[in-house]
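Each chain, written out:
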Amino acid sequence: MTKIDQHLAARIAEARKRSGTRVEDAAKALELSTMDYNHLELGNTRVDARSLAILARFYDRPIRWFYDGLPGQSVFDETATGK
């Protein structure tokens, strides 16, 4: 997996922990087994766009939040401000 994949996995795990959500409930939101969800958080499985959108809504976070801290993330800020 790439650094981006690892970063997204860490941010997904952080969002879940901050929200106080159980792994089982997060897995259910994505229609995954608990094991498959764990693989997602560990970065063993690449998160697809659909799943990231579902998780953003589930954790009440903008999609760009998951990318915060990555080099080049300013592209999201430029889009949000209409530049």
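Note: the structure precedes this text.
Residues numbered from 1 in each chain as written. Predicted model: local features only at pLDDT ≥ 70, side-chain atom pairs only at ≥ 80, totals over all residues. Heavy atoms only, no water.

*Asks:* Tell me about the overall build of the protein chain, and name the residues and values.
*Replies:* Check the secondary structure of the protein chain and you find six helices and zero strands. In sequence order, the protein chain lays out its α and β elements as α-α-α-α-α-α. Counting across all 83 residues of the protein chain, residues that qualify as buried make up 34%. Considering only contacts in the protein chain between residues 6 or more positions apart, those separated by 24 or more positions represent 61%. Element-wise, carbon and sulfur atoms account for 52% of the exposed surface of the protein chain, whose accessible area totals about 5,400 Å². (Helix = DSSP H or I, 4+ residues; strand = E, 2+ residues; numbered from the N terminus. Buried < 20%, exposed > 50% of the residue type's maximum accessible area, 1.4 Å probe, protein only. Contact = heavy atoms within 4.5 Å. Areas by Shrake-Rupley, 256 points an atom, 1.4 Å probe, with all protein chains shown as cover.)

*Asks:* Describe the pattern of salt bridges, listing the residues and the values that go with them.
*Replies:* Enumeration over the complete set of coordinates arrives at seven salt bridges. Taking the shortest distance from any N to any O, the salt bridge between Arg11 and Asp68 comes out at 3.9 Å. Of the two residues, Arg11 is situated in helix α1 (residues 3-19) and Asp68 in the loop between α5 (63-67) and α6 (74-81); the sequence distance between them amounts to 57 residues. For Asp68, a relative accessible area of 31% translates into the label partly exposed. For the salt bridge of Arg22 with Glu24, the shortest nitrogen-to-oxygen distance reads 3.9 Å. What emerges from the salt-bridge pattern is a single network uniting Arg11, Glu14, Arg18 and Asp68. (Salt bridge = Lys/Arg side-chain N within 4 Å of Asp/Glu carboxyl O.)

*Asks:* Go over the environment of Ala9, please, and point to the residues and values.
*Replies:* Within the element layout of this structure, Ala9 appears in helix α1. With 38 residues separating them in the primary sequence, Ala9 and Val47 have C-alpha atoms 7.7 Å apart.

*Asks:* I'd love a proper account of the nonpolar core, names of residues and values included.
*Replies:* If you look at the biggest cluster of nonpolar residues, it comprises 18 residues, and the most contacted ones within it are Ile12, Tyr37, Leu40, Leu52, Leu55, Tyr59 and Phe66. Broken down by secondary-structure element, the contributors of at least two residues to this core are α1, α2 (23-29), α3 (34-42), α4 (49-58) and α5. Beyond its immediate stretch of four places on either side in the chain, Leu40 contacts Ala9, Ile12, Leu30, Thr45, Arg46, Val47 and Leu55. (Core = buried A, V, L, I, M, F, W, Y, C linked by side-chain atoms within 4.5 Å.)

*Asks:* Explain the packing of aromatic side chains to me, and be specific about the residues and the numbers.
*Replies:* Per the stated rule, a full pass over the model turns up two aromatic pairs. Taking 5.1 Å as the distance between ring centres and 70° as the angle between the ring planes, the aromatic pair formed by Phe58 and Tyr59 counts as edge-to-face. A residue is classified by how much of its surface remains accessible, and Phe58, at 36% relative accessible area, is partly exposed. Using a relative accessible area of 6% as the deciding quantity, one classes Tyr59 as buried. Plain terms: the ring middles of Trp65 and Phe66 are 5.1 Å apart, the flat faces sit at 90° to each other, and that makes the pair edge-to-face. Given a relative accessible area of 0%, Phe66 falls into the buried group. The residue whose ring lies beneath Arg11 is Trp65, and the NZ or CZ to ring-centre distance is 3.6 Å. (Phe/Tyr/Trp six-rings, centres within 6.5 Å; stacked < 30°, edge-to-face > 60°. Lys NZ or Arg CZ within 6 Å of the ring centre and 35° of its normal.)

Structural measurements only, silent on function.
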